[in-house]
Amino acid sequence: MRSIRRMNQPRILDGKAVAATVLEECRTETAALKQKGITPGLAVVLVGSDPASAVYVGSKARTCADLGFHSVKIELPEDTTQEELLKVVADLNADPAVHGILVQSPPPKHIDEETVIRAINPQKDVDGFHPENVAKLVLEDSSAFVPCTPAGCMKLLEISGIDTRGAEAVIIGRSMIVGKPMAMLLVAKGSDATVTIAHSRTKDLAAVCRRADILIAAVGRPEMVKADWVKPGAVVIDVGINRIPDATRKSGSRLTGDIDYAEVAPRCAAITPVPGGVGPMTIAMLMKNTIKAARQSI
Ligand code: GUN
């Protein structure tokens, strides 16, 4: 008998539900560490008052507190100097109760982010942005801290039973936070995907995207990916979190991804919603990384 695949009802990859199971695991691991006298500690640092960053940092600190971590939230004014920020990082490096340090990106323009990232002790770099962790990721060294958003995408694929081996994966976006580490994870042994990193200069981006069995959008352009960019039956992961005006909402705005969900969803086999897809996974993986940092500190 021939099987007929319905294309108009994609599987929704529920990041909120999967993140909840990861956080339950974290809760158990935290309890076990506390029995050994170690309380995982995470410090999140926010410079300036970008409203989206403030929401992310708040939610990271809340999740920490909920898991029983030692949680430090440092909010610094917009005009904090590079030297002042480096001093805060140095103090956190020296604090034995802090196992993980995260400086929310992007910082204000007068701060050189590269210098700040390099100042973080690589053993506390739970973002996985320090060159030492970037190198470890490329080397497939299991002690690496893997950046939380791509790690969350991989976990979501894995727990959803989506087989990446031999798949054609296309990532739109070449950032150090998502695009590049995502490529490394997908091409690594065990994941075994064939990876293309596309970006704003890619020739015929739509045609490149149409090759993808797994399409990952991480560009920060609201609803950029249209139905005819997507191969029927593809798995689509939307990393974008964009706030756009919406007069029908009381708030006057709503969140949307980089994928035009209404157009694309009927065409694909599985898709992540925004919100409730990759976002919650990012926070869950940050908690995992902090527990890993605490364990590796012993
Ligand atoms: N800004 C957006 N995503 C991230 C992240 O994963 N880590 C940090 N530090 N800043 C971000």
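In this report, we go over the structure that sits alongside the text. (Residues numbered from 1 in each chain as written. Predicted model: local features only at pLDDT ≥ 70, side-chain atom pairs only at ≥ 80, totals over all residues. Heavy atoms only, no water.)

**Some remarks on the site of the ligand**
Taken together, L102, V103, Q104, S105, D127 and F129 make up the full set of residues near the ligand. Within the contact set of the ligand, a nitrogen atom lies 2.6 Å away from a side-chain nitrogen or oxygen of D127. Protein chains bury 84% of the 280 Å² of accessible surface belonging to the ligand in isolation. Here the residues of the shell around the ligand are counted per class, giving 3 nonpolar, 2 polar and 1 charged. (Near = heavy atom within 4 Å. Polar contact = N/O pair within 3.5 Å; in protein donor to acceptor, adjacent residues only side chain to side chain. Areas by Shrake-Rupley, 256 points an atom, 1.4 Å probe, with all protein chains shown as cover. Nonpolar A, V, L, I, M, F, W, Y, C, P; charged D, E, K, R; others polar.)

**Comments concerning the packing of aromatic side chains**
Scanning all chains against the criterion turns up 0 aromatic pairs. Its end group placed over the ring of F145, K292 keeps NZ or CZ at 5.9 Å from the ring centre. (Phe/Tyr/Trp six-rings, centres within 6.5 Å; stacked < 30°, edge-to-face > 60°. Lys NZ or Arg CZ within 6 Å of the ring centre and 35° of its normal.)

**Concerning the sheet that holds strand β8 (residues 235–238)**
Pairing is parallel across the open sheet formed by 6 strands, whose spatial order is β1-β11-β8-β7-β5-β6. Every other strand in the sheet has two partners, leaving β1 (11–12) and β6 (194–198) as the edge strands with one partner each. Pairing of strand β5 (residues 168–172) with strand β7 (residues 214–217), which is carried by 4 bridges, proceeds in the parallel orientation. What sits directly across from I171, in β7, is I216. Along the sheet, helix α7 (residues 179–187) makes contact with β5, β6 and β7, crossing β6 at roughly 170 degrees. (Pairing = 2+ DSSP bridges. Helix = DSSP H or I, 4+ residues; strand = E, 2+ residues; numbered from the N terminus. Contact = heavy atoms within 4.5 Å. Axes fitted to C-alpha atoms, helices over the stretch in contact; angles between N-to-C directions.)

**Some points on the side chain of T256**
On the secondary structure map, T256 appears in strand β10 (residues 253–256). Take T256: its relative accessible area is 5%, and that puts it in the buried class. A distance of 2.6 Å separates polar atoms of two side chains, one belonging to T256 and the other to E223. When near neighbours in sequence (up to four residues on either side) are disregarded, T256 contacts P222, E223, G240, I241, N242, I244 and V274. (Buried < 20%, exposed > 50% of the residue type's maximum accessible area, 1.4 Å probe, protein only.)

**What about the packing of helix α1 (residues 15–35) against helix α6 (residues 148–159)?**
Packing of α1 against α6 leaves a shortest axis separation of 10 Å and a crossing angle of 95 degrees. Overall, the two elements α1 and α6 adopt an arrangement that is roughly perpendicular. Side by side, α1 and α6 meet where G15, V18, T21 and V22 of the first sit next to K155, L156 and I159 of the second. (Parallel < 35°, antiparallel > 145°, perpendicular 65-115°, else oblique.)

**A short note on the packing of helix α2 (residues 51–67) against helix α10 (residues 278–296)**
Geometry of a packed helix pair, given as the angle between the helix axes and the separation of the axes. Two numbers describe how α2 lies on α10: the axes approach to 10 Å, and their chain directions differ by 50 degrees. Between α2 and α10, the interaxial angle falls into the category oblique. The crossing of α2 and α10 is right-handed. Contacts between α2 and α10 pair S59, K60, T63, C64 and L67 from the former with I283, L286 and M287 from the latter. By residue class, the composition of the contact of α2 with α10 is 5 nonpolar, 2 polar and 1 charged. (Left-handed = near helix turned anticlockwise from the far one by under 90°.)

**So, the nonpolar core**
If you look at the biggest cluster of nonpolar residues, it comprises 54 residues, and the most contacted ones within it are L186, I216, V235, I237, V239 and M287. With 10 residues, α10 is the single largest residue contributor to this core. Setting aside its immediate chain neighbours within four residues, I216 contacts V170, I171, I172, M182, L186, I237 and V239. One finds V208, A234, I259 and I271 within the second-largest nonpolar core, a separate group that totals 21 residues. (Core = buried A, V, L, I, M, F, W, Y, C linked by side-chain atoms within 4.5 Å.)

**Thoughts on a nonpolar patch on the surface**
Together, V55, Y56 and I241 make up an exposed nonpolar region whose accessible area comes to about 250 Å². Within the element layout of this structure, Y56 appears in helix α2. (Patch = residues over 30% accessible without salt bridge, like charges linked within 9 Å, V, L, I, M, F, W, Y side chains within 5 Å. Salt bridge = Lys/Arg side-chain N within 4 Å of Asp/Glu carboxyl O.)

**Describing the environment of E29**
Secondary-structure assignment places E29 in helix α1. We classify E29 as buried; its relative accessible area is 18%. Considering only alpha carbons, one finds E29 and K288, 259 residues apart in sequence, at a separation of 9.1 Å. Setting aside residues no more than four positions away along its own chain, E29 makes contact with K288, I291 and R295. A distance of 3.0 Å separates polar atoms of two side chains, one belonging to E29 and the other to K288.

**Details of a negative patch on the surface**
Together, D50, E78, D79, E83 and E84 make up a negatively charged patch on the protein surface. Along the chain, D50 turns up in the loop between β2 (41–47) and α2. The class for D50 is partly exposed, based on a relative accessible area of 38%. (Lys, Arg positive; Asp, Glu negative; His and termini not counted. Charge placed at Lys NZ, Arg CZ, Asp CG, Glu CD.)

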